[in-house]
Every structure is written in structure tokens, then in C-alpha cells.
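The chain contents come next:
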Amino acid sequence: MKHLCRAFLFLLCLALAAEADGQGIIKHNPTINRNARTGKTEAARSKTKPATARNKQTSAKPTFASEWKSLYYSFVYVRGGTFQMGATPQMKNPYPDEFPVHTVTVDGFFISKYEVTQALWEAVMGSNPSKVKGRNLPVTNVSWTDCQTFLSRLTALAQAKSGYSGISFCLPTEAQWEFAARGGNVSKGYQYSGSNTIGRVAWHCYNTSTVQPVGRKAPNELGLYDMTGNVSEWCSDWLAPYSAAAQSDPTGPDSGELRVYRDGGIGHTVEACHISTRYGQSPDYNDEATGLRLVMHE
């Protein structure tokens, strides 16, 4: 049921945040959000930074040439390692599908520091599907299927621009995503990506009514931004129950009905933003709170 109600409850969640903004408080109403299970609320509204020139709208249409350099240098190398995946003890009030906790080993990989922006998406695809517009806002209203087209075009453009045929882009696997969100080999064991205080690292249902420019909250241990909060992020895997068996570089089952997305964002309450929370939707589903992050191979 938590997957089927997402679009409807997302709109209600935004209405709640807007009401809170108007009164200068943050409210909690567990009857109107699918993720409110404990009645907990954030202690205080997180402070936001004033908009900078980087975040302002411009009339010039983004081009791949203008976006390529900043994209290439925005990747962080995550050294390979072994971790416990799923609802480890620091995760409060986990869902049943976060169990059993199991040992996973991943090889090293490059992952983007930021969620894919609307400027990059438009530079690659020629249009911007997001309902809330802004060059440095994360792209939204993109399905898993849309992302595959974007990744194919981005790979072709990057190969042509760099003159190197070995470069390519994909979505992270669910295991890569969680390992990176936890901070990789330098993890400090936080409940959220980069902190146990969610307001330091995340935009969510109770502190914003819309998407925010990427990179305005604190990063996690690896220097990655918005791994908790802002938009949820598609992963490459089909959604399936966990196994207790140890795994190496798992990629999920060969088929399924729902594709995984991770990262509790603006469509989620605080209680559903811990790192191990899992979601799934049809590959053709899109909404105003779901985008993507890149993994690069070279």
C-alpha cells in the first residue's frame, strides 16, 4: 500500500508543509501521510541559506558544452568495501522490507555529488519535464524508463565530447546507493545520510513544500549531497525481498513489477527518511518528488 498511495499523499504532504510555512511552525499530522508511523516530529525548522547566483534562473538555454565540465568533476570515487545492508540498529522504526540485514560487498565506483539538475537534463534531452522549474533544482517528473533514455543520450554525448569510448553512465544499484548514503568506508553510522539530525542534511515534508536547489544542505561523510531528502532517486534494480545470504555487487532480480527508488525526500515524513528505507514503483511512474543520481564508468 505504501507504493500505491504515493502521488495522492505527496500532494497532501505538500499542503501540510505549506500550512506550516504560513504559520511559522512545523506541524505533524500522521493521518495524512503514508510514512507517519511514530508521531515524532522534528525539533526545529532547519535554517536555509539565501539564494546565490548559482541558484538563480537565467534565460539562456543550457547546453551540454556548458554542463559537461561541471558534471565530470562532480563525481566522487567511493572505494569498494563491505557493509551491513538493511535496517541496522541505528535505523528507527524500519519497515519489514528492510529485513533481514545482510552482508554486502561492493567494488569501487564513481557517483555524482549532486542529484541530476534540470539544466543537465535539458542540455541532454532538449526539454525539461519538471513541473517546478529551476536550472539548479533537481529534475523531477521523470520515470525510470525516461532515465534510461537520458542515460543513453548522456553517454553518447560524453563519449563524443571527451573522445573516449569507455565512458558511460547508469543508475546506481540499490546496494551502491545505500553504501554511498551510509558514507562508504568512512561511515559514522548515522541514521540519515551525514547526520543523526535530519534538518542538517535533508529537505523533507516538514521543512519545505517544494524541491530545493541541489547541494544546499550539509553533505555526508563522502561529500555527497541530498542522499537524504530533496527528491527520491531511482536505482537500477527491480524491487525484491532481501535475502539473508551474503552478496557481492548485487544487481537485483532479472525481472519484476516495480523498480527501486531510494532516499526519503520532500514527499516523505521524517520517520521515512532513514537510509535503509526502500520504495518501488512501475518503471513508467513519475511524480514531482522523484529524480535521479548518476554512476559513471570510465
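Residues numbered from 1 in each chain as written. Predicted model: local features only at pLDDT ≥ 70, side-chain atom pairs only at ≥ 80, totals over all residues. Heavy atoms only, no water.

Strand order in the open sheet made by the four strands is 1-4-11-5, with antiparallel pairing throughout. What marks the edges here is a single partner per strand, and that holds for strand 1 (75-78) and strand 5 (168-170). Strand-to-strand twist in this sheet, taken as the mean axis angle between neighbours without regard to direction, amounts to 35°. Pairing geometry for strand 1 and strand 4 (residues 109-112), over four bridges, is antiparallel. Counterpart to Phe-75 in the pairing with strand 4 is Ser-112. Against the sheet, helix 5 (residues 174-181) engages strand 1, strand 4 and strand 11 (295-297), with an angle of about 70° to strand 4. (Pairing = 2+ DSSP bridges. Helix = DSSP H or I, 4+ residues; strand = E, 2+ residues; numbered from the N terminus. Axes fitted to C-alpha atoms, helices over the stretch in contact; angles between N-to-C directions. Contact = heavy atoms within 4.5 Å.)

In this section: the environment of Val-142. Secondary-structure assignment places Val-142 in the loop between helix 3 (118-125) and helix 4 (144-162). For Val-142, a relative accessible area of 0% corresponds to the buried category. Through-space distance from the C-alpha of Val-142 to that of Asp-287 is 7.1 Å; in sequence the pair is 145 residues apart. (Buried < 20%, exposed > 50% of the residue type's maximum accessible area, 1.4 Å probe, protein only.)

Before going further, it helps to spend a moment on the pairing of strand 6 (residues 232-238). Buried residues dominate strand 6, accounting for six of its seven residues. Relative to strand 8 (residues 259-262), strand 6 runs antiparallel, the two being bridged by three bridges. Opposite Trp-238, over in strand 8, you have Arg-259 as the bridge partner.

Turning our attention to the side chain of Arg-182. Inspection of the secondary structure puts Arg-182 in the loop between helix 5 and helix 6 (198-201). Within the structure, Arg-182 has its side chain in polar contact with the backbone oxygen of Gly-86 (distance 2.7 Å). Within the structure, Arg-182 has its side chain in polar contact with the side chain of Thr-88 (distance 3.1 Å). The contacts of Arg-182, once residues within four sequence positions are left out, are Phe-83, Gln-84, Gly-86, Thr-88, Gln-90, Met-91, Ser-187, Lys-188, Glu-221, Ile-275 and Ser-276. (Polar contact = N/O pair within 3.5 Å; in protein donor to acceptor, adjacent residues only side chain to side chain.)

Scanning the entire structure with this criterion turns up six salt bridges. Across the pair Glu-178 and Arg-182 runs a salt bridge, and its minimum N-O distance is 3.0 Å. Of the two residues examined, Glu-178 and Arg-182, each falls in the buried class. (Salt bridge = Lys/Arg side-chain N within 4 Å of Asp/Glu carboxyl O.)

This part takes up the nonpolar core. Membership of the largest hydrophobic core comes to 27 residues, with the highest contact counts inside it found for Phe-150, Leu-154, Phe-169, Leu-292 and Leu-294. When contributions to this core are tallied by element, the ones reaching two or more residues are helix 2 (64-72), helix 3 and helix 4. The element that contributes the greatest number of residues to this core is helix 4, accounting for six residues. In this structure Leu-154 touches Phe-64, Leu-71, Val-124, Phe-169 and Leu-294, once residues within four positions along its chain are discounted. (Core = buried A, V, L, I, M, F, W, Y, C linked by side-chain atoms within 4.5 Å.)

Here we come to the environment of Cys-235. Within the fold, Cys-235 resides in strand 6. Since its relative accessible area comes to 0%, Cys-235 is described here as buried. With 27 residues separating them in the primary sequence, Cys-235 and Arg-262 have C-alpha atoms 7.1 Å apart. Setting aside residues up to four positions removed in sequence, Cys-235 forms contacts with Trp-144, Leu-171, Pro-172, Thr-173, Glu-174, Trp-177, Val-260, Tyr-261 and Arg-262.

Take the packing of helix 2 against helix 4 next. At their nearest, the axes of helix 2 and helix 4 sit 11 Å apart, and the two run at 85° to each other. As far as their axial angle goes, helix 4 and helix 2 are roughly perpendicular. Seen from helix 2, the contacting residues are Phe-64, Ala-65, Trp-68 and Leu-71; seen from helix 4, they are Leu-154, Leu-157, Ala-158, Lys-161 and Ser-162. Looking at the contact of helix 2 with helix 4 residue by residue, the classes come out as seven nonpolar, one polar and one charged. (Parallel < 35°, antiparallel > 145°, perpendicular 65-115°, else oblique. Nonpolar A, V, L, I, M, F, W, Y, C, P; charged D, E, K, R; others polar.)

What follows concerns the packing of aromatic side chains. Overall, the coordinates contain ten aromatic pairs when judged by the stated rule. Seen in terms of ring centroids, Tyr-261 and Tyr-279 are 5.3 Å apart; in terms of plane orientation they differ by 15°. Their pairing is stacked. Within this pair, whereas Tyr-261 is found in strand 8, its partner Tyr-279 is found in strand 9 (residues 279-281), the two being separated by 18 residues in sequence. Ring pairing ties together the aromatic residues Phe-64, Trp-68, Tyr-72 and Tyr-73, which thus form one cluster. (Phe/Tyr/Trp six-rings, centres within 6.5 Å; stacked < 30°, edge-to-face > 60°.)

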